[in-house]
Amino acid sequence: MTGSKPNWWKASTCYQIWPASYKDSNNDGIGDIPGIISTLPYLKDLGIGTIWLSPMYDSPQKDMGYDISNYEAIYPPYGTMDDMDELIKKTHDLGMKLILDLVINHTSDQHDWFLQSRKDKTNKYADWYMWKDPKIVDGQRQPPNNWRSIFGGSAWEYASERDQYYLHLFVPEQPDLNWENAETRRAIYKSAIEFWLEKGIDGFRVDTANLYSKVTSFPDAPETLHGETYQPATEYYVNGPRMHEWLQEQREAVLDKYGDVFMVGELPGTDAAEVLKYVSAEAREYSCVFDFDVVMLGTGSKKHHVYRHTLPEFKEAIRKCQDLLRGTDAWTTVFLENHDQGRSLSRFATDKDEFREQAAKMLAVLLCSLTGTLFIYQGQEIGMFNHPEHWGIEDLRDIDSLNAYHDVKDRHEGDELWLKKAMKGLQAVGRDNARLPVQWDSTKHAGFTGGEPWIRVHDDYAKTNVADQLKNPSSVLSFWKKMIQLRKDHEDLLVFGHDFEVWDYHDQDVFTFTKKHPSSGQTLLVFCSFSDDPQPLHWPTKLKATTAQLLISTVDHPQRYLTPWEARAYLIAEPPAVNGA
């Protein structure tokens, strides 16, 4: 641990709420803030310390709230500012913290800043977004370069009012802000950050936290998608040249006025050395970040380029994140799910009926045994999993998934086999998997709403839901509650342990690792089975002669071998002086 009293957010278990799909209080089919308020005692009982609320700001909802039209207003179907004030107060009254999504790489094209900016080249807001003149090729107007939007197609959209293109790394309705403009930055700080800190929130999850700074010469990207017009250009906008300068300005000019503000950044496509520049305690740019190596396993440049990763690849991704702490003053996060990913049971374990409960408990042991700030996504605590393979494109709502499907459909002229391949990819990694309504009980629409839900409810809700699991001491929910409490009881080792080491790197069936107590020398030894079959335990040689106390197991009576998808953890009082395989 760093110092005698660690930052409050380091040992806090965080729970992400996606408001549209969480709990509907007025039966309009859309989750809302009063619905969230009604479940605060449930979250407190689960052991949650911090709630991360995904965007609830006013928005046209072209990208589920990540296209913000007013940072200082609430999307009306979610509630009112009075509702939001009540959520802040009641969260704090229960001893929990609240962080919001900070989306400041871009706004909605309906934000007043952009509406003014696109009018002409001379108004006050003219330079608040990334505008460029067209490229003229054979007398035809073309985008300024060949950059591909993250959601497909050109990253540039033409505006006739200015006879210019504006940059949008995501959908055209999400124009990128011009961070090069100091006036723009000051407005962002005031409207998006200080407004909410003044209301008493405790921090932010920072969206696209390393995309603000672009290479402003805007060169063409190299061709990596052969035969396509628009190419991925991440080398020109991920971890750009002025990112650290601006984040330090943000910290010194704004955040330092409000104490220990928790800032957790979304940081895709970043190697460990670069991550350290953001999360070093000395640099103070971000408190910690989400490293995406784990959740990007098995994915390609397009949704249908999906494949099953190997367990050694999974171990290596976990190791990278844990090793960020080795010999540094940095901090890290622990997570396997969020609103942009498929469900962890389906992605990293198994959602077969006969093994799903055991696998969900195994992942709970794994996550609660890793060092860092733990994040759980809504529904993860009951073992929700991906939507069934028989669902069709008509059941999906995510703009990224719909774009990906129609891209395949257009390129391959509606070929049936290609469309089947596209749907297979979306069933594995599509964002709607995480955005299905939370399954509160076995009544119609899973107790999420008394109306017609905005998106289809998972077929499995009658068997997997909160109400039934609350009554069952052996349920996945009960086990998660037990693991979160165990993490608190053994905070020094489970939250702050160091010297993470994988002992069976090449094993395709079992994940075995150790970590050490920061001061006592006590060792945690964890075994996690990723197999449908019984598996032997790989005891590190030098630990075999030590006294091992069983700390937790996913089965009532652990035997010589691991049962399918079992996990267990041992406390070892006196670890060896040197490591042995």
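Above: the structure in question.
Residues numbered from 1 in each chain as written. Predicted model: local features only at pLDDT ≥ 70, side-chain atom pairs only at ≥ 80, totals over all residues. Heavy atoms only, no water.

Draft legend 1. Spotlight on the overall build of the protein. In terms of regular secondary structure, the protein is built from 16 helices and 20 strands. The globule rule puts the C-alpha radius of gyration for 581 residues at 25 Å, and the 24 Å found for the protein is close to it. Evaluated residue by residue, the protein yields a buried proportion of 60% over its 581 residues. Within the protein, contacts between residues separated by at least 24 positions form 70% of all contacts whose residues are at least 6 apart in sequence. Taken as a whole, the protein presents about 22600 Å² of accessible surface, with 48% of it coming from carbon and sulfur. Counting 62 positive and 87 negative side-chain charges, the protein places the averaged centre of each group 2 Å from the other. (Helix = DSSP H or I, 4+ residues; strand = E, 2+ residues; numbered from the N terminus. Rg over C-alpha atoms; globule rule 2.2 N^0.38 Å. Buried < 20%, exposed > 50% of the residue type's maximum accessible area, 1.4 Å probe, protein only. Contact = heavy atoms within 4.5 Å. Areas by Shrake-Rupley, 256 points an atom, 1.4 Å probe, with all protein chains shown as cover. Lys, Arg positive; Asp, Glu negative; His and termini not counted. Charge placed at Lys NZ, Arg CZ, Asp CG, Glu CD.)

Draft legend 2. Looking closely at the sheet that holds strand β17 (residues 510-516). The strand order β16-β17-β18-β20-β19 describes an open sheet built from 5 strands, whose pairing is antiparallel. Two strands lie at the open edges of the sheet, namely β16 (498-502) and β19 (548-553), each paired on one side alone. In this sheet, neighbouring strand axes are inclined to one another by 20 degrees on average, regardless of whether the strands run parallel or antiparallel. With 3 bridges joining them, β16 and β17 adopt antiparallel strand pairing. Note that in β17 the partner of Glu501 across the bridge is Thr514. (Pairing = 2+ DSSP bridges. Axes fitted to C-alpha atoms, helices over the stretch in contact; angles between N-to-C directions.)

Draft legend 3. Seen up close, the pattern of salt bridges. Per the counting criterion, the structure on display carries 41 salt bridges. Because the salt bridges share partners, they merge into one network encompassing Asp63, Asp340, Asp398, Arg431 and Arg435. (Salt bridge = Lys/Arg side-chain N within 4 Å of Asp/Glu carboxyl O.)

Draft legend 4. A look at empty space enclosed by the protein. Going through the model one piece at a time under the given rule, you end up with 3 cavities of 30 Å³ or more. In this structure, the largest cavity occupies an estimated 100 Å³ of space. Taken together, Asp291, Asp293, Val294, Ala317, Ile318, Cys321, Gln322, Thr333, Val334, Phe335 and Leu370 make up the lining of the largest cavity. Only α8 (311-323) and β14 (333-334) provide two or more residues apiece to the lining of the largest cavity. Tallying contributions element by element places α8 first for the lining of the largest cavity, with 4 residues. Counted by class, the lining of the largest cavity contains 7 nonpolar, 2 polar and 2 charged residues. (1 Å grid on protein atoms, 1.4 Å probe; cavity = no way out; pocket = protein on both sides within 12 Å on 5 of 7 lines; lining within 4 Å. Points joined across faces, edges and corners; volume = space filled by probe spheres on them. Nonpolar A, V, L, I, M, F, W, Y, C, P; charged D, E, K, R; others polar.)

Draft legend 5. Representation of the side chain of Gln469 in the model. Note that Gln469 resides in helix α14 (residues 466-470). Gln469 sits in the buried class, given a relative accessible area of 9%. Sequence-distant contacts of Gln469, defined by excluding residues within four places in its chain, comprise Glu381, Ile382, Thr464, Ser475, Val476, Leu477 and Ser478.

Draft legend 6. Examining the packing of aromatic side chains more closely. Here the structure, examined in full by the defined rule, presents 43 aromatic pairs. When the ring of Trp8 is compared with that of Phe262, the centres are 5.8 Å apart and the planes differ by 75 degrees; the resulting orientation is edge-to-face. With a gap of 254 residues between them, Trp8 in the segment before β1 (14-17) and Phe262 in strand β12 (residues 262-267) connect regions that are remote in the sequence. What makes Phe262 buried here is its relative accessible area of 0%. (Phe/Tyr/Trp six-rings, centres within 6.5 Å; stacked < 30°, edge-to-face > 60°.)

Draft legend 7. Quick look at helix α10 (residues 356-368). Helix length check: α10, at 13 residues, gives a terminal C-alpha distance of 18 Å against a target of 18 Å (1.5 Å per residue), a fit within 8%. Summarising burial for α10: 12 of the 13 residues are buried, a large majority. (Expected span 1.5 Å × (residues − 1).)

Draft legend 8. Up close: the nonpolar core. Of all hydrophobic cores here, the largest spans 147 residues; its most connected members are Met84, Phe204 and Phe314. Setting aside chain neighbours within four positions, we find Phe204 in contact with Tyr57, Ile99, Leu100, Asp101, Leu102, Ala192, Ile193, Trp196, Leu197, Phe262, Met263 and Val264. Counting 17 residues, the second-largest nonpolar core is a separate cluster that includes Ala155, Phe170, Val171 and Ala221. (Core = buried A, V, L, I, M, F, W, Y, C linked by side-chain atoms within 4.5 Å.)

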